[in-house]
Every structure is written in structure tokens, then in C-alpha cells.
Amino acid sequence: MCHHSALLFILHPSPSCVLHIHEHSPGKMSVCLLWIGLLHISLSTLWQAANIQAAVTIDEVKLTVLPAVNVKSGTKVTLRCEASVSQSHRQPLTHSFSLTQDDQVIYSKNTSDSWMERSFSNARVSNSGGYQCSVHINDKHKKSNTLPLNVTGLQIPMLKVKSDIVFEGGDVIATCSAPEEMGSLVFFFYENDREVRKASSTINSVTTTLTMQKLKDIYLHCDYMVLMQPTEGHSNKSNMVNVTVQDLDVITPQISISPNVNVVEGDRVQITCNVQLYSDLRLYLTRDKTILRVSHTNFTHSLVVRSEDSRDYVCKAEKGSVQKKTSYQLNVTELFSKPIMRMIPDQVFEGERFTLTCSSDVISPAKIRKADIKYVLLKDGQSIAEIATYDDTASLATNGNYCCMAMAKEVNKTSLPFILKAKVPVSVPVLRVVDKVIVGKPFRVSCEAENGTFPITYTLLKTSVPVDQKVVEAADRAIFNITSISFPKDIDNFRCQASNNVRLLRKTSKPLRATVIVPVSRPELKPEEVTVTEGTDLILICSVHQGSDPITFTWYYNTVKLPSSTQEVRSLEGRYVVKAIERGQRGDYYCEASNNANETKKSFPARIGVSLALWKKVLIGVFCILLLVASVIVLTVFSKKLSNPHKKEQATELSVKPPRPKSGDPMRISLTLDIEDNTALNGTPCVMGRNVWSENVSASDSDDHTDENSELLHPQEVDPSGDVPVKITTEPEYSVQDTDVQVSTPGVSEQAEGQVTLEYAQLNNSEQEPRKSFDTSHITYSASPPPEADFQS
């Protein structure tokens, strides 16, 4: 009681325990206190020992295979695992051993011993593999090395059958076993050394069912192999079992048909199928793989035959997997032929009458007459008439699937289906253009009828004459190619016809209506003025003789398009204005014209000249006049300087050599001045005319020199009171526009009261000659001139 009280005091130090102790006598209390003290000391010692961690290390784990790693099947094999452990102080240790085969744990054990053993009393091939041992102590763990165990040799299996005598097609239940083998096994069954079955099992035996099909003795045996050790191969063969297969002729059926000759459609025949042994079997009557009847006993099948019943009839008996059969050929003669449906005409259009006829021929006149055959007309599976001939008008409502049925003596035959679909007459076609119509270019047209059953024949007409024809099978329209038309009105000459029924007239379309594009003709550029004054506007008019509007005109200057010069107009003429033209804009201008015919044509170029402005012309004129005046002044001054007063003589003789001398003309000198405004051509503002003296004037004053083309005038006595004219005339060789300038000698005129006139003729106006000096050496006077003789222009 003291120990119990002390334990309660320690484990449950509650006030009740203390009160319970105090209830005892003082002697007993001292004993209890003594036990409590000892117990306290013991528990304290245990507590301190538990708190001290023992040092443990696993030195080695060794695995041993006894007697050897290579043994024969049936040998006892022991696997021993030993652990070598070091520790800080000696105390019992718990060793946790694990033995693995091919990394799969096959045995485990916890023990205080430092070793563990695992034995196989009869080692088998399934025990072969790689073995390894591992040890766990507290938190320490160590594995041994891996040792292979190789067990060779498989047990000879044993084959047993449930029955060694079976009927053909019967089953044999066979069992193959290897009682001492372990692991997963695969068993193989052989029939006369031919593998017929393979089965797997996790135990050392397997049972299977083998079907015997051949009528002979069958020899069976088996073997096996370990699934985890396929390298060991198959075991040796088991014992051989002889199985006898017996024939099942007793289940072969018999078939008979009555009547079996001269069978005609409508006759009833009896087909009998019987067998001698019909226990646990089934009888079948088949025709063309169609089962007519099934029974477990003998039976008779009755039917009214038709021509299509002429077939092979098979009676088959089946017992298990064994089948026996017998066949019989039945020939049936037709009573009447299969009806045929015809339609007259073969093609019908809506609104036309048609006739359907159904007919059949009698083949067995001894059985029936032709009048005995009754007909029923069917449409879409519904009876519409019980006659052989049917008339109606084709329409949408008469379209459908027709057939007819012929009946006689419980025999009925149906014709092949006939699909009636009345054709739709073609409607009036419409002729349209497919492409743009351009005069002189090919284009395409389409002819299309909105309604009509295909095929439809389309014909293209030109002025009511067929030019092309096309048959359309499934397309919506016919496309015709037209080479070209010469004038827009030619488009009205085209029509088309459509037809899909030779019994009906062709439908003709209306004339072709389309917009015809006339290509533009070669444009003509007509400027209002060929030469315009600088600073004014140049108006260029481009026109074509023909072309469909809108027409696009474009103007160019020296192949460069003028700015904003493209115009689209709805007339045959376009205008373009070059504002304030400059002299640098003179040159060739042309225009181009085009329209929807996509053909651009170019005009011939027009050369435009630009003359100087009026103020420039006035300025040039003033300059020329001033230049002319200056020239005259210079000539006058120069002529005065040439006049020498010391050479004056009483008689003055003037000699001029004209090409053809003439007498009787007054003496005068002709001076021609040509003034041209060549500014526009060569840029020279003014060119003075030339004073051309005759080149035939003699350069010598000798009186001995004579020329047939010259005339010498000798000085004569001049009568002061009379007029003594002295004339020298030079006639020009070419007649050109002349400006005559009269040059006179005033002194001679006063003294002789006469005139001396000199004429200078311009010989060639087209060839400019250098101006020649005025030579007075060939001019003589009959009277002494006054001291201040002068030429006056």
C-alpha cells in the first residue's frame, strides 16, 4: 500500500494523495517516505541516463550467400547479413534489417542481434536476382554490397486433361502445373508440337480449354517459362497426353423438298429438315445466307414459291462448335414475266399528253391466260389506277415515281420504277452584252432563257441569218463571240433563239440593245492664229470628226504635257488657252484624244510662231530710222571729203560701164535700200540696204581704154544758153525692189542749166555685197563745176 501511495504521489501529486498518506500511522509514514526517496533517486538516475546520447556508428554491412552464388534448382540457399557496429558505451541496440531482390524488399526483421538470415529450402529460378542487405540503427543507415544469385534449371511441368475422348468440335479442359515453382509463369500448350494456346498465371499452374476440330488423334503437351527470368528460356516438355476425337455424323441433317420437279410460280412447296440425334443441337434452314427457320427438332417449312425462290436451300445442324449441313437446289419456273412500264412519248413537256402502259408476258400458259393477269398502277407507292394503260396531261402535279404491279394466282410482280418529270418548255431568251461594245473591236454576248429544261440549244442570228450555235447542258447561258461591228446601228442586227423541244417552235429574243462606243478619230489641232503676238493668249482648238462622249483631250508642247491640259468634254471639240504667251513658247503643239474605247490618238503637230510685241517693233523701227539717217549723214560727209577743187576742169566727163549701155536716158544714179524685219528669224533688229555701184566701171582715166560694154562721154563745149544734157545709164541685170535716190551736181546745173543724173542699179538683192566707196574718178564734167559741188540725197 505504501508503494501504491508513493506512485500515486509521484504521478498524480494531487491534494487527495497527500491526505491519503497522512491518514496512516506515523511508523508507516516513515517507511513510505523512505520508498519515495529511493524511487525519486532511481527516476532521477534514469532521467539523466536518457539525456546522455550514446555515440553509434555502423562500420560495415556484409551479405553472404551460402553455399554459393551459382546453384541448381532445388538447392537450399541461405542469405546471411551481418552488421559491424561501434558505440561509445555498451548498451543493447536494435538492428532493423531489410533484404531486397532486384530493389524489391522481400524480407525485413528487427532484432538486437547483429546478424540476420533468410533461407530458401528449394531454390528456384524465380529466386535468381541481385540481393542487397541494409541496416538501420537509430538514425544511422548503411547498405551492403550487391550479390547475384543464379539458380539454374526449371522443374518439368505436369499436364492433365479432364477427358481424353471427345467428339469432333468438342472441348478439352487441360491443366499445366509446376508445383514447386514460384513467381509469375507463362504456360504454353501444344497440339501435335504446334502451339495452340498461351496463358499467364501468378501461381504455379493454369487451366485452359482447347477445341478439337480435326478427326484424328491429338497429342497434347505443355511447358512454361519464368516471366521475371526470360533468359532461362522454356522448361522441358511436360508429359504427353493423347486425346481421341470422334466423328459426329449422327448430327448430319437430311433435307427434302416436295414437289421437287415442274415447280411453277404460285405453287406451294414443303421443305423438310431432320436429323437422327437432335439432343443439345439446333437445326437451321437457310437460303442465300438468310435464315428461314430455326428449331431444336426436326421440322417442315412451307411456302408459295416465286421465280426468285430458285436457289440453294441449306439445312444445317449445330452442336457446340461442330456444324453439319446438307443443301438442295430448287428450280422455279416463271408464271408470267416481270411487268414493264413504258411512256409514250419517251420525253414529254408540260402541257403535252402522255400515256403509261404496263405489260407482262405469259410464260406458263398451262397455268394461266393473259386475261388472268391484273395490273395496278402506282405513283409514289400509292395506287392511282387498276388498268394497264393510263393517259394524262403532263404538268408539275404529274411528276413523280411510277411503277406497275402484275398479279395472278397469289403471285405479284412489280416493274422497275419509272421517274416521270415533265420538261419545262424554254422561255423567250434574253440577249445581253458581256463586254463593252466598241466599233471595230470584238466583243461577247450572252443568250439566256429564264425557264427551260436542259439541254437548251441557243442560236445567234445576224440579220436573221444563223452565225453560231451552242448546246448548253447545265450552264445558265450561252456565250457567243462577235468579231466586230462597223457602225453603232449594226448592234440592232443581232438576235438569238432558244429551243429544247423539236416539236415546238424556237423562241426568238428581242434585238440586242447596248451602248456602242465609237473610238475617236485622229484629232485635228486648229490654232486660231499660226503666229501670235508676244503677251497675247494662244487659243488651241482640238477636234475630232467622230467619237462617243465623253472625250478626253490633252494638249502637248514639244512632247511635254501642258499644265492642266486634260479635259473631259461631251462634245467633239475642246479648247485650251495658253495665257500671255512668250517668245520662248513658240514651237510645235499637238493634242491627244481618247474615250471609253481605251484608244488614244494623236494629232499632227502645229507650229506656232510668236512675233515681237508692238512696242518692241516701234522701238526697232525708230532705231532703224536713226541708223539710216546716221548712214546718210556719214555718206554725205564722206562724199564732200572726196571732192577735190584742184581737179576741176572745164569739161566734165563721167564714164560708167553698164552691162548693156543705153543712150537717150537721163543720167541718174540708182541707190537701193532693203529694209527687212528679220527679228523673228535671225534676231537682227535692222539691216540697211546696199548701194551697189556697177563693178564694170573702168578703174582708169586713160582716154585710150575702150570697152564694148562701156560708153565714154567726151567733154564738149557747153552752150551757156542751151541745155546740154550729159547722160550715162546703167541697166541692172536683175530687177528687184528698188529705192531710187537722185544725186545731182548743183554747180553744173546752174552753169549749164542742165542736169547730170547718175543711176545706181541694185544688181542682186539676195546676195549682200560689201559697200563700195564712191569713186569719182570716172565722172568728168563738160564745164567746170562750182567750187562746192555736192551730192544730195
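Reading guide: rules and limits
- Residues numbered from 1 in each chain as written.
- Predicted model: local features only at pLDDT ≥ 70, side-chain atom pairs only at ≥ 80, totals over all residues.
- Heavy atoms only, no water.
- Helix = DSSP H or I, 4+ residues; strand = E, 2+ residues; numbered from the N terminus.
- Buried < 20%, exposed > 50% of the residue type's maximum accessible area, 1.4 Å probe, protein only.
- Contact = heavy atoms within 4.5 Å.
- Areas by Shrake-Rupley, 256 points an atom, 1.4 Å probe, with all protein chains shown as cover.
- Patch = residues over 30% accessible without salt bridge, like charges linked within 9 Å, V, L, I, M, F, W, Y side chains within 5 Å.
- Salt bridge = Lys/Arg side-chain N within 4 Å of Asp/Glu carboxyl O.
- Disulfide = S-S within 2.5 Å.
- Pairing = 2+ DSSP bridges.
- Axes fitted to C-alpha atoms, helices over the stretch in contact; angles between N-to-C directions.
- Phe/Tyr/Trp six-rings, centres within 6.5 Å; stacked < 30°, edge-to-face > 60°.
- pLDDT = per-residue confidence, 0-100.
- Expected span 1.5 Å × (residues − 1).

Chemist: Explanation requested: the overall build of the protein chain in the structure shown.
Modeler: A count of helices and strands for the protein chain gives 6 helices and 55 strands. Counting only residues that meet the buried cut, the protein chain has 39% of its 793 residues in that class. In the protein chain, of all internal contacts separated by at least 6 residues, the share reaching a separation of at least 24 is 65%. Surface exposure of the protein chain reaches about 45900 Å², of which carbon and sulfur atoms provide 52%.

Chemist: For this particular structure, what's the right way to read a nonpolar patch on the surface?
Modeler: Residues Leu614, Val618, Val622 and Leu626 make up a contiguous nonpolar surface patch of roughly 390 Å² in combined accessible area. Here Val622 is to be found in helix H4 (residues 614–642).

Chemist: Can you help me understand the state of the cysteines in this one?
Modeler: Should the sulfur atoms of two cysteines be covalently bonded, the bond is a disulfide. Going through the model one piece at a time under the given rule, you end up with 6 disulfides. In this model Cys273 forms its disulfide with Cys315; the gap between the sulfur atoms is 1.2 Å. Of this pair, Cys273 sits in strand S20 (residues 268–274) while Cys315 sits in strand S24 (residues 312–319); the two residues are 42 residues apart in sequence, bridging distant segments of the chain. Both residues of the pair, Cys273 and Cys315, count as buried. Cys403 forms no disulfide, and the closest cysteine sulfur to it belongs to Cys404, at a distance of 7.0 Å.

Chemist: Teacher, can you tell me more about the sheet that holds strand S11 (residues 165–167) here?
Modeler: As a general point, the strands of a sheet are linked pairwise by backbone hydrogen bonds and lie either parallel or antiparallel. As summarised here, the arrangement of the 5 strands in space is S11-S17-S16-S13-S14, forming an open sheet in which the pairing is mixed. At either end of the open sheet lies a strand with only one pairing partner, and these are S11 and strand S14 (194–201). Along the sheet, successive strands turn relative to each other by an average axial angle of 30 degrees, direction set aside. One ladder, built from 7 bridges, connects strand S13 (residues 185–191) with S14; its direction is antiparallel.

Chemist: What exactly am I supposed to notice about the sheet that holds strand S15 (residues 205–211) here?
Modeler: Read from one edge to the other, the open sheet built from 3 strands follows the order S10-S12-S15, with strand pairing classed as antiparallel. What marks the edges here is a single partner per strand, and that holds for strand S10 (158–161) and S15. Across the sheet, the axes of successive neighbouring strands diverge by a mean angle of 25 degrees, strand direction being ignored.

Chemist: Sorry, what's going on with the packing of aromatic side chains here?
Modeler: Here the distance between the centres and the angle between the planes together describe a pair of aromatic rings. The full count for this structure, using the stated rule, is 6 aromatic pairs. An angle of 45 degrees between the planes, with centres 5.9 Å apart, marks the rings of Phe187 and Tyr224 as tilted. Of this pair, Phe187 sits in strand S13 while Tyr224 sits in strand S16 (residues 218–226); the two residues are 37 residues apart in sequence, bridging distant segments of the chain. Judged by its relative accessible area of 0%, Phe187 is buried. Tyr224 sits in the buried class, given a relative accessible area of 0%. With centroids separated by 5.6 Å and ring planes inclined at 20 degrees, the aromatic side chains of Trp555 and Tyr576 adopt a geometry described as stacked.

Chemist: Would you mind showing me how to read the confidence of the model for the protein chain here?
Modeler: Across the protein chain, the average pLDDT comes to 77, with 74% of residues at 70 or higher. Here residues 1–24 scores under 50 on pLDDT; set against residues more than four positions off or in separate chains, the count is 22 contacts. Segment residues 647–793: pLDDT under 50, and 267 contacts once partners within four positions in sequence are set aside and those in other chains are kept.

Chemist: I'm lost on unusual backbone geometry in this one. Help?
Modeler: In terms of backbone geometry, most residues other than glycine have negative phi values and most peptide bonds are trans. Cis geometry is adopted by the peptide bond preceding Pro67, which originates at Leu66 and carries an omega value of 5 degrees. Mapped onto the elements of the fold, Pro67 is located in the loop between strand S1 (56–66) and strand S2 (70–72). Of the consecutive residues Ser258 and Pro259, the connecting peptide bond is found in the cis state with omega at -10 degrees. Unlike most non-glycine residues, Asp102 shows phi in positive territory, near 55 degrees. The exposure class of Asp102 is partly exposed, given its relative accessible area of 41%. The residue Thr463 is not glycine, and still its phi comes out positive at about 50 degrees. Along the chain, Thr463 turns up in the loop between strand S38 (456–462) and strand S39 (465–472).

Chemist: For this particular structure, what's the right way to read the pattern of salt bridges?
Modeler: Should their charged atoms come close, side chains of opposite charge can pair. The full count for this structure, using the stated rule, is 22 salt bridges. Across the pair Arg287 and Asp309 runs a salt bridge, and its minimum N-O distance is 2.9 Å. Taken together, the positions of Arg287 in strand S21 (residues 282–287) and Asp309 in the loop between strand S23 (299–304) and S24 put the pair 22 residues apart, joining distant regions of the chain. Neither residue differs from the other here; Arg287 and Asp309 are each classed as buried. A single salt-bridge network, built from bridges that share partners, covers Arg80, Glu82 and Glu117.

Chemist: Just checking my understanding: could you explain the environment of Asn331 for this structure?
Modeler: Structurally, Asn331 is set in the loop between strand S25 (322–329) and strand S26 (332–333). The exposure class of Asn331 is exposed, given its relative accessible area of 53%. Sequence separation of Asn331 and Val305 is 26 residues, and the distance between their C-alpha atoms is 9.7 Å. Other than its neighbours up to four places away in sequence, Asn331 contacts Val263 and Ser310.

Chemist: What should I look at first to understand the environment of Thr297 in this one?
Modeler: Mapped onto the fold, Thr297 is located in the loop between strand S22 (290–295) and S23. Assessed through its relative accessible area of 38%, Thr297 is described here as partly exposed. Between the alpha carbons of Thr297 and Arg282 there is a distance of 7.2 Å; along the sequence they are 15 residues apart.

Chemist: Explain H4 here, please?
Modeler: Helical periodicity: at 3.6 residues per turn, an α-helix aligns residues three or four positions apart in one direction. In a regular helix each residue adds 1.5 Å, so 29 residues correspond to 42 Å; H4 covers 42 Å between its end C-alpha atoms and thus fits that length. Within the span of H4, buried status applies to Ile620, Cys624, Ser631 and Ser639.

Chemist: What exactly am I supposed to notice about the side chain of Asn595 here?
Modeler: Topologically, Asn595 is positioned in the loop between strand S51 (587–594) and strand S52 (601–602). Ignoring any residue separated from it by four or fewer positions in sequence, one finds Asn595 in contact with Ile517, Val518, Pro519, Val520, Gly547, Ser548, Pro550 and Ile551.

Chemist: Can you help me understand the pairing of S39 in this one?
Modeler: Strand direction decides the pairing type here: S38 and S39, joined by 7 bridges, are antiparallel. Along S39, the bridge assignment pairs Ile456 with Val472.

Chemist: Is there a simple way to think about the pairing of strand S12 (residues 171–177) in this case?
Modeler: By the bridge criterion, 4 bridges tie S10 to S12 in an arrangement that is antiparallel. The residue of S12 that forms the bridge with Lys160 is Thr175. One ladder, built from 7 bridges, connects S12 with S15; its direction is antiparallel. Residue Asp171 lies in a different strand from S15, and its bridge partner there is Thr211.

Chemist: Can you help me understand the environment of Ile257 in this one?
Modeler: Assignment of secondary structure puts Ile257 in strand S18 (residues 254–258). For Ile257, a relative accessible area of 6% translates into the label buried. Separated by 43 residues in sequence, Ile257 and Thr300 place their C-alpha atoms 9.3 Å apart. Once you skip the residues sitting within four places of it in the chain, Ile257 turns out to touch Val269, Gln270, Ile271, Tyr313, Tyr328 and Leu330.

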